[in-house]
Amino acid sequence: VSHYDHIVSILDRVEENYPATCGVAIESEYDSASRKVTVKTKITSNTPSKYRYQIFLVEDNFQSYQYGVEGPDAADYKHNNVVRVVSSSDNCFGANFNDGMSMQVGVESVATNTLDIPRGYDVENMRVVVAAFSSYDGGGSFVVNNSAQCPVGGSVDYLVK
């Protein structure tokens, strides 16, 4: 069994045993003059659960040196999914969503955050990624329950499988 097959097997087992109980949608607006992006995180849940959330701004096609790459390509290696900005929070699992209260089943809640994008980051190659976390042990640890992504300044609605 290859490493890839093993990883896919684990992911399939997680999806089967810990199905997503919430949906995530994103609306983002970018102000180029201030280099700020306002992110509206929307979550609905099919269970009366509590969630935490974290917002990441990631950049693709970031060219920089890459250790372990030989030759001229090492200096101009293209990196993808480079985390550039993380929303501020007092917890590595993000902030409480819905003021830390359990969600009402089928009712959308919204949180709005504004993040600064430092100069030098290529906004054209950046995406907003929102992860919704839930806990299966009463809040001692958290796992990503669901996530969504869209371009900075773009939006994505709830996705249904």
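See the structure above.
Since this is a predicted model, take the numbers as computed values, not measurements. (Residues numbered from 1 in each chain as written. Predicted model: local features only at pLDDT ≥ 70, side-chain atom pairs only at ≥ 80, totals over all residues. Heavy atoms only, no water.)

A. Highlighting unusual backbone geometry. Within the chain, asparagine 98 stands out as a residue other than glycine whose phi angle is a positive 60°. Following the sequence through the fold, asparagine 98 ends up in the loop between strand E7 (95–96) and strand E8 (109–116). Despite not being glycine, aspartate 99 shows a phi value in the positive range, around 55°. Checked against the element boundaries, aspartate 99 lands in the loop between E7 and E8. (Helix = DSSP H or I, 4+ residues; strand = E, 2+ residues; numbered from the N terminus.)

B. Representation of the pairing of strand E9 (residues 126–134) in the model. When you tally the buried positions in E9, you get nine out of nine residues, the bulk of the element. Neither face of E9 is left uncovered, since the one carrying Met126, Val128, Val130, Ala132 and Ser134 and the one carrying Arg127, Val129, Ala131 and Phe133 both have all their residues buried. As judged from the eight bridges shared by strand E3 (residues 52–59) and E9, these two strands associate in the antiparallel manner. For isoleucine 55, the partnering residue across the bridge sits in E9 and is valine 130. With eight bridges joining them, E9 and strand E10 (residues 143–151) adopt antiparallel strand pairing. Across the sheet, the residue bridging to serine 134 is valine 143, located in E10. (Buried < 20%, exposed > 50% of the residue type's maximum accessible area, 1.4 Å probe, protein only. Pairing = 2+ DSSP bridges.)

C. Layout of the sheet that holds strand E11 (residues 155–156). Pairing within the open sheet is antiparallel, and its four strands lie in the order E8-E2-E1-E11. The outermost strands of the open sheet, each flanked by one partner alone, are E8 and E11.

From the geometry alone we can't say anything about function, so treat these as descriptive.
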